[in-house]
Amino acid sequence: MSHRPSDHLDTNLLRVLHTLLTERSVTRTAMKLGQSQPAISNMLKRLREITGDAILVRGKNGMTATERGEELLLLAKQGLSVLESIAHPAPSFVPAQTQRVFHLGAPDYLSVLLIPLIMEKIRGQAPHAGLVIHSLNAGFDYASALETGELDCVIGNWPEQPPHLHLAHLFEDELVCMVNHQHPIVKKGLSLKYYLEMPHLAPTPYMMGHRSIIDSALAEQGLKRHIQMTIPYFGMVPDVLARTDLIFTTSRSFAMHFVGQYPIAVLPMPVEMPKMRFFMLWHERSHAATEVQWLRRIVADASREAMGATSVGSAASA
């Protein structure tokens, strides 16, 4: 197996090359590096063999660099700088100074409450940072996006997550029903029979091949609701309900956000359902990155604050 000249170039030789070209003297290089003159002379010989150039030649006032030697001085300086960067930890992350653009994946229904809080906290702590929210949909492979760095982290609540990703639980929320406040069931009460037979409004699935948590929970009890209309954006829900007799099943935090703003009534589920569990996912590639660790703390803090505000709002409207 043949060896390239660069295979013989190690850190010590690179440092000797840089010092020789800086000092233009074998004697001064030996003194500066704490080595003997014969050792430095031998290394200069090796460097000449590796580079195919004399590097240093005799001049009127001592040694002078060849044209190639002048180029090698710059390359050696750059090489040592790269090695220093590799060997030392990255500089500490300062939110107030960073200009990094963060990428967060989240389903649309979090846009009305959690995402604004996250943005508020980022603006407060890192005014020069950017944030791009990527809306999750059936065609978006979020796991690959996390692996490639297209996304820093993802917020979600689907039943199954890839096992190779890191996971942190954010909060839980109960399921409720949203309807027009003039709908007859507001006075009559919502029975299970009515719930299953009523025309439902549902979001467009954002996970290809995955049934929603609501439909999965119903199926486990041998039940199925009647989904008549679907929409891609949760922000459209209150306007649709204000104009139709449709029913929409969602988290309490989402529903309570619109009470008082729209002619909407919030009703309890007529069947026992598990709580919605929201979590955050990220890949091992960014697990130790201080910038992404900070973003994850922002998301966690905003989640606690969002649920605290919802609890107060629910108590006030009870």
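Cut-offs and rules
Residues numbered from 1 in each chain as written. Predicted model: local features only at pLDDT ≥ 70, side-chain atom pairs only at ≥ 80, totals over all residues. Heavy atoms only, no water. Pairing = 2+ DSSP bridges. Helix = DSSP H or I, 4+ residues; strand = E, 2+ residues; numbered from the N terminus. Axes fitted to C-alpha atoms, helices over the stretch in contact; angles between N-to-C directions. Buried < 20%, exposed > 50% of the residue type's maximum accessible area, 1.4 Å probe, protein only. Arc of directions from axis to C-beta. Contact = heavy atoms within 4.5 Å. Polar contact = N/O pair within 3.5 Å; in protein donor to acceptor, adjacent residues only side chain to side chain. 1 Å grid on protein atoms, 1.4 Å probe; cavity = no way out; pocket = protein on both sides within 12 Å on 5 of 7 lines; lining within 4 Å. Points joined across faces, edges and corners; volume = space filled by probe spheres on them. Nonpolar A, V, L, I, M, F, W, Y, C, P; charged D, E, K, R; others polar. Core = buried A, V, L, I, M, F, W, Y, C linked by side-chain atoms within 4.5 Å. Phe/Tyr/Trp six-rings, centres within 6.5 Å; stacked < 30°, edge-to-face > 60°. Patch = residues over 30% accessible without salt bridge, like charges linked within 9 Å, V, L, I, M, F, W, Y side chains within 5 Å. Areas by Shrake-Rupley, 256 points an atom, 1.4 Å probe, with all protein chains shown as cover. Salt bridge = Lys/Arg side-chain N within 4 Å of Asp/Glu carboxyl O.

Participant: Would you explain the sheet that holds strand E7 (residues 175-180) in this entry?
Facilitator: Within a sheet, each strand pairs with its neighbour through backbone hydrogen bonds, oriented either parallel or antiparallel. With respect to topology, five strands assemble into an open sheet ordered E9-E8-E10-E7-E11, the strand pairing being mixed. The sheet is open, and its two borders are formed by strand E9 (226-231) and strand E11 (264-268), each paired with just one other strand. For this sheet, the mean inter-axis angle between neighbouring strands, taken without regard to orientation, is 35 degrees. Of the pairings in the sheet, the one linking strand E8 (residues 199-203) to strand E10 (residues 247-251) comprises two bridges and is parallel in character. Looking at the pairing, Leu201 lines up with Phe248 of E10.

Participant: So what exactly am I meant to see when it comes to helix H2 (residues 26-33) here?
Facilitator: Owing to its 3.6 residues per turn, the α-helix aligns residues three or four sequence positions apart on the same side. All of the buried residues along H2 are Val26, Thr29 and Ala30. Seen from one end, H2 has its buried residues packed into an arc of 100 degrees, which puts them on one side. Away from the buried face of H2 by more than 90 degrees, exposed residues Met31 and Lys32 are located. In this structure, the buried residues of H2 make contact with helix H1 (11-23) and helix H3 (37-51). The opening residue of H2 is Ser25, an N-cap whose side-chain oxygen sits 3.3 Å from the backbone nitrogen of Thr27. Phi for Gly34, located one or two positions after H2, is positive at around 70 degrees.

Participant: Sorry if this is basic, but what is going on with the sheet that holds strand E5 (residues 153-156) here?
Facilitator: Taken in spatial order, the five strands make up an open sheet running E4-E3-E5-E12-E6, and their pairing is mixed. Bordering the open sheet on either side are strand E4 (130-135) and strand E6 (166-173), each of which pairs with just one other strand. Between one strand and the next, the sheet's axes are offset by a mean angle of 20 degrees, whatever the strand orientation. Here six bridges tie strand E3 (residues 101-106) to E4, and the two strands are oriented parallel to one another. Looking across to E4, one finds that Leu104 is bridged to Ile133. Its contacts with the sheet put helix H5 (residues 114-125) on E3, E4, E5 and E6, and the angle it makes with E4 is roughly 165 degrees.

Participant: I tried to follow empty space enclosed by the protein on my own but got confused; where do I start?
Facilitator: Rolled over the atoms, a probe with the dimensions of a water molecule shows which regions are left empty. For the structure on display, the rule yields one cavity of 30 Å³ or more. Tyr109, Leu110, Val112, Leu113, Leu114, Phe171, Ser251, Ser253, Phe254, Phe278, Ala306 and Met307 are the residues that line the largest cavity. For the lining of the largest cavity, the elements supplying multiple residues, two or more each, are helix H11 (252-258) and helix H12 (290-317). Taken together, the residues of the lining of the largest cavity break down into 10 nonpolar, two polar and no charged.

Participant: Teacher, can you tell me more about the nonpolar core here?
Facilitator: One broad trend across soluble globular proteins is that nonpolar side chains are buried collectively. If you look at the biggest cluster of nonpolar residues, it comprises 61 residues, and the most contacted ones within it are Ile118, Ile155, Met178, Tyr195 and Phe254. Ranked by residues supplied to this core, first place goes to H12 with eight residues. Filtering out sequence-adjacent residues up to four positions away, Met178 remains in contact with Val237, Leu241, Leu246, Ile247, Phe248, Thr250, Phe254, Ala255, Phe258, Ile264 and Ala265. Residues Val26, Ile50, Leu56 and Ala76 belong to the second largest nonpolar core, which totals 19 residues.

Participant: I tried to follow the side chain of His283 on my own but got confused; where do I start?
Facilitator: Tracing the backbone through its elements, the reader meets His283 in the loop between strand E12 (276-282) and H12. Excluding its chain neighbours within four sequence positions, the residues that come into contact with His283 are Leu146, Glu147, His164, Leu165 and His166.

Participant: Hey, could you run me through the environment of Ile50 in this one?
Facilitator: Position of Ile50 among the secondary structure elements: in helix H3. Measuring from C-alpha to C-alpha, the distance between Ile50 and His166 comes to 47 Å, with 116 residues separating the pair along the chain.

Participant: Where do I start with the packing of aromatic side chains in this structure?
Facilitator: Enumeration according to the criterion identifies eight aromatic pairs in this entry. Note on Phe234 and Phe254: the rings are 5.5 Å apart at their centroids and 85 degrees apart in plane angle, and the pair reads as edge-to-face. Residue Phe234 is found in the loop between E9 and helix H10 (237-243), and its partner Phe254 is found in helix H11; the two are separated by 20 residues along the sequence. Classification of Phe254 by relative accessible area gives buried; the value is 3%.

Participant: So what exactly am I meant to see when it comes to a nonpolar patch on the surface here?
Facilitator: On the surface, Val82, Leu83 and Ile86 cluster together to form a nonpolar patch covering roughly 270 Å² of accessible area. With respect to the element layout, Leu83 can be found in helix H4 (residues 67-87). Taking relative accessible area as the criterion, Leu83 reaches 32% and is therefore assigned partly exposed.

Participant: Which parts of the structure should I look at to understand unusual backbone geometry?
Facilitator: Both trends apply: most residues other than glycine have a negative phi, and most peptide bonds are in trans. For Arg24, which is not glycine, the phi torsion reads 55 degrees and is therefore positive. Topologically, Arg24 is positioned in the loop between H1 and H2. Here Arg24 falls in the partly exposed class, since its relative accessible area comes to 23%. We note that Ile55 has phi near 70 degrees; this positive angle belongs to a residue other than glycine.

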